[in-house]
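Report on the structure
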Amino acid sequence: MSRQQIESAAATRLASISPQLLSRKLRVAGRILHHETTTSIILIHDAEDALLVDVSLCLNAWKSAPWLRESRTVVMAMGYLELSETALPLPVLPAHAPLVDANPHLVLRAIVVEDARELDMSLWNRAIQAQEGAVHTGGQN
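Below is a summary of the structure that appears in this document. Note that this is a predicted model, so its numbers are computed, not measured. (Residues numbered from 1 in each chain as written. Predicted model: local features only at pLDDT ≥ 70, side-chain atom pairs only at ≥ 80, totals over all residues. Heavy atoms only, no water.)

1. Here's the deal with the pattern of salt bridges
Heads up, the condition is: In the sections that follow, a salt bridge refers to a side-chain nitrogen of Lys or Arg positioned within 4 Å of a carboxyl oxygen of Asp or Glu. Secondary structure is summarised from DSSP: a helix means a run of H or I of at least four residues, a strand means a run of E of at least two, and numbering begins at the N terminus for each. Think of it in three bands: residues with accessible area under 20% of the maximum for their type are buried, residues over 50% are exposed, and the middle band is partly exposed, with areas taken using a 1.4 Å probe on protein chains only.
Applying the stated rule across the entire model yields four salt bridges. Between Glu132 and Arg13 there is a salt bridge, with the nearest N and O atoms lying 3.1 Å from each other. A residue pair is termed long-range when its members are at least 10 positions apart, and Glu132 in helix H1 (residues 121-136) and Arg13 in the loop between strand S1 (10-11) and strand S2 (25-36) qualify at 119 residues. Owing to a relative accessible area of 16%, Arg13 belongs among the buried residues under this scheme. Note that Arg117 and Asp115 form a salt bridge whose closest N and O atoms lie 2.6 Å from each other.

This is the structure:
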(Lines give C-alpha, C1' and ligand atoms only; values in the text may rest on other atoms or scores of the structure.)
Protein backbone atom coordinates (compact mmCIF):
# COMPACT_ATOMS: atom_id res chain seq x y z
CA MET A 1 0.00 0.00 0.00
CA SER A 2 1.51 3.32 -1.03
CA ARG A 3 1.34 6.27 1.28
CA GLN A 4 0.69 9.56 -0.44
CA GLN A 5 2.07 12.71 1.07
CA ILE A 6 -0.44 15.50 1.10
CA GLU A 7 1.30 18.70 0.10
CA SER A 8 0.62 21.41 2.63
CA ALA A 9 -0.32 24.89 1.49
CA ALA A 10 1.92 27.76 2.50
CA ALA A 11 0.02 30.54 4.25
CA THR A 12 0.78 33.59 2.11
CA ARG A 13 -0.04 37.27 2.41
CA LEU A 14 -1.47 38.85 -0.75
CA ALA A 15 1.38 41.36 -0.53
CA SER A 16 3.83 38.46 -1.03
CA ILE A 17 2.26 37.03 -4.19
CA SER A 18 4.80 37.06 -7.01
CA PRO A 19 5.93 34.96 -9.99
CA GLN A 20 8.49 33.31 -7.67
CA LEU A 21 5.57 31.40 -6.10
CA LEU A 22 4.34 29.87 -9.37
CA SER A 23 3.20 26.24 -9.11
CA ARG A 24 3.27 26.37 -5.31
CA LYS A 25 0.28 25.39 -3.22
CA LEU A 26 -0.78 28.49 -1.31
CA ARG A 27 -3.38 29.46 1.27
CA VAL A 28 -4.47 33.09 0.96
CA ALA A 29 -7.13 35.26 2.54
CA GLY A 30 -8.74 38.47 1.43
CA ARG A 31 -11.95 40.38 0.95
CA ILE A 32 -14.05 39.76 -2.13
CA LEU A 33 -13.95 42.83 -4.31
CA HIS A 34 -15.58 41.37 -7.42
CA HIS A 35 -17.12 38.07 -8.56
CA GLU A 36 -17.31 37.39 -12.30
CA THR A 37 -20.03 34.75 -12.53
CA THR A 38 -19.41 33.89 -16.19
CA THR A 39 -15.78 32.89 -15.58
CA SER A 40 -15.98 31.93 -11.88
CA ILE A 41 -13.11 34.32 -11.15
CA ILE A 42 -13.16 36.37 -7.99
CA LEU A 43 -10.90 39.30 -7.19
CA ILE A 44 -9.85 39.34 -3.56
CA HIS A 45 -7.87 42.07 -1.87
CA ASP A 46 -6.17 43.12 1.30
CA ALA A 47 -5.52 46.87 1.32
CA GLU A 48 -4.02 47.66 -2.12
CA ASP A 49 -2.85 44.09 -2.85
CA ALA A 50 -5.22 41.97 -4.94
CA LEU A 51 -5.30 38.53 -6.55
CA LEU A 52 -7.47 36.84 -9.14
CA VAL A 53 -8.80 33.50 -7.88
CA ASP A 54 -10.42 30.90 -10.13
CA VAL A 55 -13.10 29.25 -7.99
CA SER A 56 -14.61 27.07 -10.74
CA LEU A 57 -13.29 23.83 -9.19
CA CYS A 58 -14.80 24.74 -5.81
CA LEU A 59 -18.33 25.59 -6.78
CA ASN A 60 -21.00 22.98 -6.27
CA ALA A 61 -24.14 23.34 -8.35
CA TRP A 62 -26.16 21.75 -5.54
CA LYS A 63 -24.81 23.88 -2.73
CA SER A 64 -25.41 27.59 -2.44
CA ALA A 65 -22.56 29.98 -1.64
CA PRO A 66 -24.35 33.31 -1.07
CA TRP A 67 -21.22 34.80 0.52
CA LEU A 68 -19.62 34.80 -2.96
CA ARG A 69 -22.04 37.54 -3.98
CA GLU A 70 -21.40 39.67 -0.91
CA SER A 71 -18.80 42.31 -1.56
CA ARG A 72 -16.13 42.69 1.15
CA THR A 73 -16.74 39.20 2.59
CA VAL A 74 -13.49 37.71 3.87
CA VAL A 75 -12.67 34.40 2.19
CA MET A 76 -9.83 31.92 2.48
CA ALA A 77 -8.68 30.08 -0.63
CA MET A 78 -6.22 27.27 -1.15
CA GLY A 79 -4.81 26.32 -4.52
CA TYR A 80 -1.92 26.56 -6.95
CA LEU A 81 -0.58 29.84 -8.30
CA GLU A 82 -0.48 29.75 -12.09
CA LEU A 83 0.75 32.01 -14.85
CA SER A 84 -1.74 32.93 -17.56
CA GLU A 85 -0.09 33.44 -20.96
CA THR A 86 -2.66 36.09 -21.81
CA ALA A 87 -3.61 38.75 -19.32
CA LEU A 88 -6.91 37.99 -17.63
CA PRO A 89 -9.36 40.88 -17.82
CA LEU A 90 -9.43 42.89 -14.63
CA PRO A 91 -12.94 43.95 -13.64
CA VAL A 92 -14.12 47.51 -13.86
CA LEU A 93 -14.74 48.43 -10.26
CA PRO A 94 -17.18 51.01 -8.91
CA ALA A 95 -15.82 54.47 -8.13
CA HIS A 96 -16.15 53.84 -4.37
CA ALA A 97 -14.07 50.63 -4.52
CA PRO A 98 -10.58 50.71 -3.04
CA LEU A 99 -7.67 51.17 -5.43
CA VAL A 100 -5.94 47.82 -5.80
CA ASP A 101 -3.03 46.34 -7.72
CA ALA A 102 -3.48 42.89 -9.27
CA ASN A 103 -1.19 41.11 -11.73
CA PRO A 104 -3.51 40.01 -14.57
CA HIS A 105 -1.12 37.15 -15.44
CA LEU A 106 -1.22 35.51 -11.99
CA VAL A 107 -4.23 33.46 -10.92
CA LEU A 108 -4.77 31.14 -7.99
CA ARG A 109 -6.53 27.97 -9.21
CA ALA A 110 -8.44 27.29 -6.02
CA ILE A 111 -9.22 23.77 -4.90
CA VAL A 112 -10.89 25.04 -1.73
CA VAL A 113 -12.53 28.38 -1.03
CA GLU A 114 -14.56 29.15 2.04
CA ASP A 115 -16.23 31.93 3.91
CA ALA A 116 -13.85 33.27 6.58
CA ARG A 117 -15.86 36.17 8.00
CA GLU A 118 -14.42 35.60 11.46
CA LEU A 119 -10.81 35.85 10.27
CA ASP A 120 -8.96 38.89 11.58
CA MET A 121 -7.00 39.96 8.46
CA SER A 122 -4.60 42.08 10.50
CA LEU A 123 -3.74 39.14 12.75
CA TRP A 124 -3.44 36.82 9.70
CA ASN A 125 -0.93 39.16 8.08
CA ARG A 126 1.07 39.71 11.28
CA ALA A 127 1.32 35.96 11.95
CA ILE A 128 2.57 35.23 8.43
CA GLN A 129 4.95 38.17 8.55
CA ALA A 130 6.39 36.88 11.84
CA GLN A 131 6.78 33.43 10.30
CA GLU A 132 8.53 34.92 7.25
CA GLY A 133 10.87 36.83 9.58
CA ALA A 134 11.70 33.67 11.53
CA VAL A 135 12.54 31.85 8.28
CA HIS A 136 14.82 34.68 7.11
CA THR A 137 16.67 34.89 10.43
CA GLY A 138 16.93 31.13 10.81
CA GLY A 139 14.57 31.20 13.79
CA GLN A 140 16.98 33.30 15.86
CA ASN A 141 15.80 36.21 17.96
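2. What to know about the pairing of strand S4 (residues 49-54)
Cut-off, in case you're wondering: DSSP calls a pair of strands paired once it identifies at least 2 bridges connecting them.
Counting buried positions along S4 gives five out of six residues, so the element sits mostly inside the fold. As paired strands, strand S3 (residues 41-46) and S4 are joined by six bridges and run antiparallel to one another. Within the sheet, the bridge partner assigned to Leu43 lies in S4 and is Leu52. As consecutive antiparallel partners, S3 and S4 are separated by two residues, and within that stretch Ala47 has a phi angle of approximately 55°, a positive value.

3. Some details on unusual backbone geometry
One non-glycine residue with positive phi stands out, namely Ser23, at about 70°. Topologically, Ser23 is positioned in the loop between S1 and S2. Positive phi values are uncommon outside glycine, yet Ala47 reaches one of about 55°. Along the polypeptide, Ala47 turns up in the loop between S3 and S4. Owing to a relative accessible area of 47%, Ala47 belongs among the partly exposed residues under this scheme.

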